[in-house]
Amino acid sequence: MSPLPLSRERPTVTDTFGRPLRSLRISVTDRCNLRCKYCMPEEEYTWLPRETILSFEEIAALADLFTELGVDKVRLTGGEPLLRKDLSVLMRMLRRNPRINDLALTTNGVLLAEQAQAFYDAGLHRVTVSLDTLKPERFKALTRRDCFRQVLEGIEAAARVGFKGLKFDTVAIRGYKVLSRAAILKMLSQHYGPIEQVLEESSAPAQRFALPDGTTFGIIASTTTPFCATCDRSRLTADGMWFLCLYATEGTDLGQLLRASASREQIKARILAGWQARRDRGAEQRKELERVGIRARLVEIERLRQDPRLEMHTRGG
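A brief structural summary. (Residues numbered from 1 in each chain as written. Predicted model: local features only at pLDDT ≥ 70, side-chain atom pairs only at ≥ 80, totals over all residues. Heavy atoms only, no water.)

## With respect to the side chain of Glu80
Take Glu80: it is sitting in the loop between β2 (73–77) and α2 (87–95). Although buried, Glu80 forms no salt bridge, and the nearest oppositely charged side chain, Arg35, lies 10 Å from it. There is a polar contact of 2.8 Å between the side chain of Glu80 and the backbone nitrogen of Asn108. Not counting the four nearest positions on each side in its chain, Glu80 is found in contact with Thr29, Arg31, Cys32, Asn33, Thr107 and Asn108. (Helix = DSSP H or I, 4+ residues; strand = E, 2+ residues; numbered from the N terminus. Buried < 20%, exposed > 50% of the residue type's maximum accessible area, 1.4 Å probe, protein only. Lys, Arg positive; Asp, Glu negative; His and termini not counted. Salt bridge = Lys/Arg side-chain N within 4 Å of Asp/Glu carboxyl O. Polar contact = N/O pair within 3.5 Å; in protein donor to acceptor, adjacent residues only side chain to side chain. Contact = heavy atoms within 4.5 Å.)

## A closer look at helix α3 (residues 112–122)
Leu112, Gln115, Ala116, Phe119 and Ala122 are the residues of α3 that are buried. The buried side chains of α3 occupy one side of the element, clustering within an arc of 135° when seen end-on. Contacts from the buried residues of α3 go to α2, β3 (102–107), β4 (126–130) and α5 (148–161). Downstream of α3 by a residue or two, Gly123 has a phi angle that is positive, lying close to 100°. (Arc of directions from axis to C-beta.)

## Some thoughts on the sheet that holds strand β8 (residues 196–197)
The strand order β8-β9-β10 describes an open sheet built from 3 strands, whose pairing is antiparallel. For this open sheet the edge positions go to β8 and β10 (216–219), each flanked by a neighbour on one side alone. Most of the contacts of helix α6 (residues 181–192) go to β10, to which it runs at about 155°, and overall it touches β9 (207–210) and β10. (Pairing = 2+ DSSP bridges. Axes fitted to C-alpha atoms, helices over the stretch in contact; angles between N-to-C directions.)

## What about the pattern of salt bridges?
On inspection of all chains with the given rule, the structure shows 12 salt bridges. Salt-bridge contacts for Glu58 lead to Arg259; the nearest nitrogen and oxygen are separated by 3.0 Å. Residue Glu58 is found in helix α1 (residues 56–68), and its partner Arg259 is found in helix α7 (residues 254–259); the two are separated by 201 residues along the sequence. The exposure class assigned to Arg259 is partly exposed, which follows from its relative accessible area of 41%. Of the charged contacts in the structure, one is a salt bridge between Asp64 and Arg264, with a shortest N-O distance of 3.1 Å.

## A short note on the packing of aromatic side chains
Under the counting rule described, the total for this entry stands at 5 aromatic pairs. Between the aromatic rings of Phe209 and Phe217, the centroid separation amounts to 5.7 Å while the plane-to-plane angle is 25°, which identifies the pairing as stacked. Its relative accessible area of 5% is what places Phe209 among the buried residues. (Phe/Tyr/Trp six-rings, centres within 6.5 Å; stacked < 30°, edge-to-face > 60°.)

## Observations regarding helix α4 (residues 136–143)
Listing the buried residues of α4 in full gives Phe139, Leu142 and Thr143. Seen from one end, α4 has its buried residues packed into an arc of 80°, which puts them on one side. Contacts made by the buried residues of α4 are with α5 and β6 (173–174). At the C-terminal side of α4, Arg144 shows a positive phi close to 60°.

## A few points about the sheet that holds β3
Remark on secondary structure: sheet strands pair via backbone hydrogen bonds, oriented parallel or antiparallel. A sheet is described by the order of its strands in space; here 8 strands give the open sequence β5-β4-β3-β2-β1-β11-β12-β13, paired in mixed fashion. What marks the edges here is a single partner per strand, and that holds for β5 (167–169) and β13 (252–253). With 2 bridges joining them, strand β11 (residues 233–236) and strand β12 (residues 241–243) adopt antiparallel strand pairing. Among the inter-strand pairings, Leu236 is bridged to a residue of β12, identified as Trp242. Against the sheet, helix α8 (residues 264–276) engages β11, β12 and β13, with an angle of about 25° to β12.

## Considerations on the packing of α1 against α2
For the pair α1 and α2, the least separation of the axes is 10 Å and the interaxial angle reads 30°. Looking at the two axes, α1 sits roughly parallel to α2. Considering only the axes of α1 and α2, their crossing is right-handed. Of the residues in α2, those in contact with Phe56, Glu57, Ile59, Ala60 and Ala63 of α1 are Leu87, Val89, Leu90, Met93 and Leu94. When its residues are assigned to classes, the contact of α1 with α2 shows 9 nonpolar, no polar and 1 charged. (Parallel < 35°, antiparallel > 145°, perpendicular 65-115°, else oblique. Left-handed = near helix turned anticlockwise from the far one by under 90°. Nonpolar A, V, L, I, M, F, W, Y, C, P; charged D, E, K, R; others polar.)

## Brief notes about a nonpolar patch on the surface
A cluster of nonpolar side chains, contributed by Tyr38, Val171 and Ile173, occupies part of the molecular surface with about 220 Å² of accessible area. Within the element layout of this structure, Ile173 appears in strand β6. (Patch = residues over 30% accessible without salt bridge, like charges linked within 9 Å, V, L, I, M, F, W, Y side chains within 5 Å. Areas by Shrake-Rupley, 256 points an atom, 1.4 Å probe, with all protein chains shown as cover.)

## Details of the environment of Thr12
Relative to the helices and strands, Thr12 resides in the segment before β1 (23–27). At 3.4 Å, the side chain of Thr12 forms a polar contact with the side chain of Arg22.

## Digging into the state of the cysteines
Inspection of every chain in the model, using the stated rule, returns 0 disulfides. In this structure Cys32 is a free cysteine whose sulfur lies 6.4 Å from that of Cys36, the closest cysteine sulfur available. Note on Cys32: relative accessible area 18%, which makes it buried. Cysteine Cys39 is unpaired, with the sulfur of Cys36 as its nearest cysteine sulfur at 6.2 Å. (Disulfide = S-S within 2.5 Å.)

Read these as geometric descriptors, not functional statements.
In structure tokens, the structure reads:
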């Protein structure tokens, strides 16, 4: 199968369900400085070998190939991406790619205060901070780290240097059970008043709503209301494994291809063929299993130790 030619117009590559290749999440590290109970509950993990971690030049080269096939949104993730030294250098490389219309970052904010200015100067478009609580004691209990103050300082620094429209990701949980979208909306409406849905055409996973004062927020109900039908995102791990779905257990090793001196056209052909054959609907399949009373089987701990790429924090969550 021949790769698409380079064009000034954005190509449209679709999978078997007609979903376009548009959004790429790039994990720059599998390490994290927090130990959130719902994400990384253990103190130590089997980490990706350091020699396999892609250099910034390799990440930029792969991102360039993805954008030639239609990707125009890139998000840098981890683990915690700010643990990757000199991350602003990678941002500058990616900003030189004119096909990237939206370059974003998701961070827990702990190290953001000292790096916010460098990120802004490098041309980063947007910052999303993952923050599950505004109560210091609850933050410490959830993350098992006492650094709530640093997160607030990071948020303040990001706003101060010029980042507009800061977003915050919060995992809404009742104890350790799933909190549905309906339950979230009910709780918010009881506190703030009537809530209206924002109607818009978007492939973003969040359904957006507006409070009476005009404040908007989104809910990603991937467990109770999966967004698989419009999902245009895929994930690249820090060592170059490409996953077509958050829940995928197998991927394509683009890092190995790159280091084996495969040509640009060969790697693009692999990406093109992979996306066009994509049938992944992971969240919907998990919900269906729950509906019929079968819990989705978790990956066994021994397999995770053998292949750390299967960890959610390795592929950007």
